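Chains, contacts and geometry: an overview
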Amino acid sequence: MNKVFIAPSILSGDFANMGKAVKDLEKWGGDIVHCDVMDGVYVKNLTFGMPMIKALRKITDKTLDVHLMITKPERYVEEFVECGADIVTFHPEASQDALATLQKIKSLGVKCGIVFNPDVDIDKYSHLFKYCDIILVMSVFAGLGGQKFIDYCLDRIKYVKQLLDEQNLDIPIEVDGGITEENASKVVEAGASILVAGSTVYNSKNPKKTIEKLRGTNY
Ligand code: DX5
Ligand code: ZN
């Protein structure tokens, strides 16, 4: 089994103190900083944009994983990279040209990937896998933290894994939404190696221990 990386989502951190939210996750042993960018159009909520990434870049060396829930992400990928993103993922159906967007991100020297909402046809976009450094499978509908894990998404993770194997691609699968200490091992068994966790980490009484449990040692 691959090493499992934990990516706490700062969406569940204190918006009045995002610097602390990042410093906390470093202290607790989180591996990656998952940043949920929402535009109020692709999803209903609005969160934050480039200035937040730029500000966080100054205070952490951790990987900044920017999950774009925005329409026409191609408009902004360059700026997100300039502000310090290390990974930029976007929802392919929100882009006018997903391949060109992936290639643009890649040409800027950072990692790129596509994100699958639970109702998006994976087959429609699997030809893009070879241009990706990461595939993000949503296990809730993008747009809100603290939702319940959708069980049928486990099969979608397995399906992405199968398609990657068929294409001889060894790239990580990240899973996002509703991940808990109880379901993390199933998600890893299905093929994920990066687990995003917002509320489970930030609402935990002992976040360090929670991160250890999410990562697991007995998968
Ligand atoms: C949902 C976001 C997730 C969310 C995860 O739109 O993409 O990253 O913050 O939060 P939890 O872990 O609470 O479901
Ligand atoms: Zn996310």
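Up top is the structure these notes are about.
If you're wondering where the values come from, they're calculated on a predicted model, not measured in any experiment.

A word on the site of ligand 1
- Neighbouring ligand 1 are 20 residues; D36, G143, D176, G198 and S199 lie closest to it.
- Contacts to ligand 1 include D36, whose side-chain N or O atom sits 2.7 Å from an oxygen atom.
- Between ligand 1 and the protein, one listed contact pairs an oxygen atom with a side-chain N or O atom of S199 at 2.5 Å.
- Bound to the protein, ligand 1 loses 99% of the 380 Å² it would expose on its own.
- Top contributing element to the shell around ligand 1 by residue count: strand β2 (residues 32-38), with three residues.
- For the shell around ligand 1, the class distribution of residues is eight nonpolar, 10 polar and two charged.

Examining the coordination of the zinc ion (ligand 2)
- Only H34 (NE2), D36 (OD), H67 (ND1) and D176 (OD) from the protein reach the zinc ion (ligand 2) as donors, at distances of 2.0 to 2.3 Å.
- Between the six donor atoms coordinating the zinc ion (ligand 2), the angles at the centre fall across 68 to 169°, so the site counts as octahedral.

A look at helix α6 (residues 153-166)
- Counted at 1.5 Å a residue, the expected span for α6 with its 14 residues is 20 Å, and the 20 Å between its end C-alpha atoms agrees.
- Those residues of α6 that fall on the buried side of the exposure criterion are C153, L154, R156, I157, V160, L163 and L164.
- Buried residues belonging to α6 abut β5 (111-116), α5 (122-125), β6 (134-138), β7 (173-176) and α7 (184-190).
- One or two positions beyond α6, positive phi appears at N168, with a value near 55°.

A word on helix α9 (residues 207-215)
- Residues P207, T210, I211, L214 and R215 constitute the buried set of α9. Projection of α9 onto a plane perpendicular to its axis shows the buried side chains occupying an angular sector of 135°, all on one side.
- Along its buried surface, α9 packs onto β1 (5-8), α1 (18-28), α7, β8 (194-197) and α8 (199-202).
- Just downstream of α9, G216 is the residue with a positive phi angle, here 70°.

Some details on the sheet that holds β7
- Pairing is parallel across the open sheet formed by eight strands, whose spatial order is β1-β8-β7-β6-β5-β4-β3-β2. Two strands close off the open sheet at either side, each with one partner strand: β1 and β2. Averaged over all pairs of adjacent strands, the angle between strand axes in this sheet comes to 25°, irrespective of strand direction.
- Summarising the sheet, β7 and β8 pair through three bridges and their orientation is parallel.

Scoring rules and cut-offs
- Residues numbered from 1 in each chain as written.
- Chains lettered and ligands numbered in written order.
- Predicted model: local features only at pLDDT ≥ 70, side-chain atom pairs only at ≥ 80, totals over all residues.
- Heavy atoms only, no water.
- Near = heavy atom within 4 Å.
- Polar contact = N/O pair within 3.5 Å; in protein donor to acceptor, adjacent residues only side chain to side chain.
- Areas by Shrake-Rupley, 256 points an atom, 1.4 Å probe, with all protein chains shown as cover.
- Helix = DSSP H or I, 4+ residues; strand = E, 2+ residues; numbered from the N terminus.
- Nonpolar A, V, L, I, M, F, W, Y, C, P; charged D, E, K, R; others polar.
- Donors = N, O, S within 2.8 Å, 3.2 Å for Na, K, Ca; no water.
- Tetrahedral: all angles 85-135°; square planar, octahedral: opposite > 155°, others 65-115°.
- Expected span 1.5 Å × (residues − 1).
- Buried < 20%, exposed > 50% of the residue type's maximum accessible area, 1.4 Å probe, protein only.
- Contact = heavy atoms within 4.5 Å.
- Arc of directions from axis to C-beta.
- Pairing = 2+ DSSP bridges.
- Axes fitted to C-alpha atoms, helices over the stretch in contact; angles between N-to-C directions.

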